[in-house]
Amino acid sequence: MIEARGLQKRFGNFQALKGIDINVKKGEIYGFLGHNGAGKSTTMNILTGFSKADAGSCIVNGWDIAKVAHPGDLHLGYLPEEPKFYPWMTAQESLYYLGNLWTQGSVEKRVEELLQWVGLDKAAKRKVGGFSRGMRQRLGMAAALFYDPDLLMLDEPSSALDPEGRSDVLNLILDLKARGKTVFVSTHILSDAERVCDRVGILSQGQMIIEKSLETLLAENVQSIYDIVFNKPCEPEILARIKQLPGIQEVNGKNERLSVWVETPESSGKALFSLFGTADIMVQSCALRRATLEDIFLEEVGKGVL
Ligand SMILES: Nc1ncnc2c1ncn2[C@@H]1O[C@H](COP(=O)(O)OP(=O)(O)OP(=O)(O)O)[C@@H](O)[C@H]1O
Ligand SMILES: [Mg+2]
């Protein structure tokens, strides 16, 4: 559905994209992850035809984007980072306006359906100028879905939403997948990505450092982690002693909270807890868990290889 090769983009002297490849298959939910400024929106503006790459090639929805005269020709739905609407129009009027641009006949039913779908039915007759960021994001989502496209490009669809709104968006994305759509979604919320994505691409400083199925990524990084909470901040001396125990791979966290990465619980658990037994510190809670997408992201991006 998307095949990008060697995409580059420069702003003045700043190389924002350093030659990235992206592969998105039909029918999958692809999570595009990366820190602030990694280049996600820049990439998405190129993939949707709103901005031109300096170098590289890209096929989107069967079209070579270099040969597409107008972004509308790509037949995709795009929710930009900051969707823009006319502030004097109501939510309903904004969608009527959008619908009447390319549709013959009545769009009333479609507008009503979309407003309900994104949870804006009660705000349908309110002016968009008075909308919160989250409400604008919901309206942007309705606009992206208007023409029922096969490919949805969503730039941080849930960043401004409350927990209920986030959950609605995730369900909407899963619903789209169930209807055979392909969804390319950028997000900072790694637990959300872990819940819905089939594959993920991690972008760091304009370079793609990982592109894999989520299942493979998690399976390759099976890692046992103890999350420990103490009754007081853990002193540097105790930290140093933990790091020297057998099978300890990494120790993260500060103050009362530590995450200790171990080869296996068998290799380190006993030594770890006998150390706490002799030190002047008390464990308030301890949970053994597997590495999440967030742990892997922080580990990979934090390696500082780029
Ligand atoms: N029009 C522009 N002019 C100059 N620099 C730009 C422009 N657009 C983006 N950049 C720079 O390119 C880099 C990538 O920006 P981009 O908006 O793509 O990041 P992002 O991954 O979407 O970040 P965020 O998570 O904050 O949305 C940043 O350093 C940004 O300052
Ligand atoms: Mg962005």
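S.K.: Help me understand the pairing of strand β3 (residues 29–33), please; the structure alone is not making it clear to me.
M.R.: Each regular strand carries side chains that alternate between the two faces of the sheet. Counting buried residues in β3 gives 5 out of 5 residues, a clear majority hidden from the surface. Of the two faces of β3, the one carrying Ile 29, Gly 31 and Leu 33 and the one carrying Tyr 30 and Phe 32 are both buried. As defined by bridge partners, β3 adjoins strand β8 (residues 182–187) across 5 bridges and the pair is classed as parallel. Bridging from a neighbouring strand, Gly 31 pairs with Val 185 of β8. Examined bridge by bridge, β3 and strand β9 (residues 199–204) share 4 bridges and lie parallel to one another. Across the sheet, the residue bridging to Phe 32 is Gly 201, located in β9.

S.K.: Would you mind going over helix α5 (residues 163–178) with me for this structure?
M.R.: Given 3.6 residues to a turn, an α-helix orients residues that are three or four positions apart in the same direction. For α5, built from 16 residues, the straight-helix expectation of 22 Å at 1.5 Å per residue is met to within 8% by its first-to-last C-alpha distance of 23 Å. When we look at burial in α5, the residues that qualify are Gly 165, Val 169, Leu 170, Leu 172, Ile 173 and Leu 176. Down the axis, α5 shows its buried residues gathered within 160 degrees of arc, on one side only. Opposite the packed face of α5, turned more than 90 degrees from it, sit the exposed residues Pro 163, Glu 164 and Ala 178. Check the buried side of α5 and you find it contacts β3, α3 (108–117), α4 (133–145), β7 (151–155), β8 and α6 (190–196). With its phi angle positive at about 85 degrees, Gly 180 sits one or two positions after the end of α5.

S.K.: Would you take a moment to explain the coordination of the magnesium ion (ligand 2) for this structure?
M.R.: Four donors placed tetrahedrally around a metal ideally meet at 109.5 degrees, and six donors placed octahedrally ideally meet at 90 or 180 degrees. Coordination of the magnesium ion (ligand 2) by the protein comes from Ser 41 (OG) and Glu 81 (OE), over a distance range of 2.0 to 2.2 Å. In this pair, Ser 41 sits in helix α1 (residues 40–47) while Glu 81 sits in the loop between β6 (76–79) and α2 (91–102), placing the two residues 40 residues apart along the sequence. On the basis of relative accessible area, Ser 41 is assigned to the buried category, the value being 18%. Overall, Glu 81 belongs to the partly exposed group, its relative accessible area being 39%.

S.K.: I would appreciate a short explanation of the site of ligand 1 in the present structure.
M.R.: What surrounds ligand 1 is a group of 14 residues, the closest being Gly 37, Lys 40, Ser 41, Thr 42 and Glu 81. Between an oxygen atom of ligand 1 and a main-chain N or O atom of Ala 38, the distance comes to 3.2 Å. Between an oxygen atom of ligand 1 and a side-chain N or O atom of Glu 81, the distance comes to 2.4 Å. Broken down by secondary-structure element, the contributors of at least two residues to the shell around ligand 1 are β2 (14–24) and α1. Counting residues per element, the shell around ligand 1 draws most heavily on α1, at 3 residues.

Reading the values: the criteria
Residues numbered from 1 in each chain as written. Chains lettered and ligands numbered in written order. Predicted model: local features only at pLDDT ≥ 70, side-chain atom pairs only at ≥ 80, totals over all residues. Heavy atoms only, no water. Buried < 20%, exposed > 50% of the residue type's maximum accessible area, 1.4 Å probe, protein only. Helix = DSSP H or I, 4+ residues; strand = E, 2+ residues; numbered from the N terminus. Pairing = 2+ DSSP bridges. Expected span 1.5 Å × (residues − 1). Arc of directions from axis to C-beta. Contact = heavy atoms within 4.5 Å. Donors = N, O, S within 2.8 Å, 3.2 Å for Na, K, Ca; no water. Near = heavy atom within 4 Å. Polar contact = N/O pair within 3.5 Å; in protein donor to acceptor, adjacent residues only side chain to side chain.

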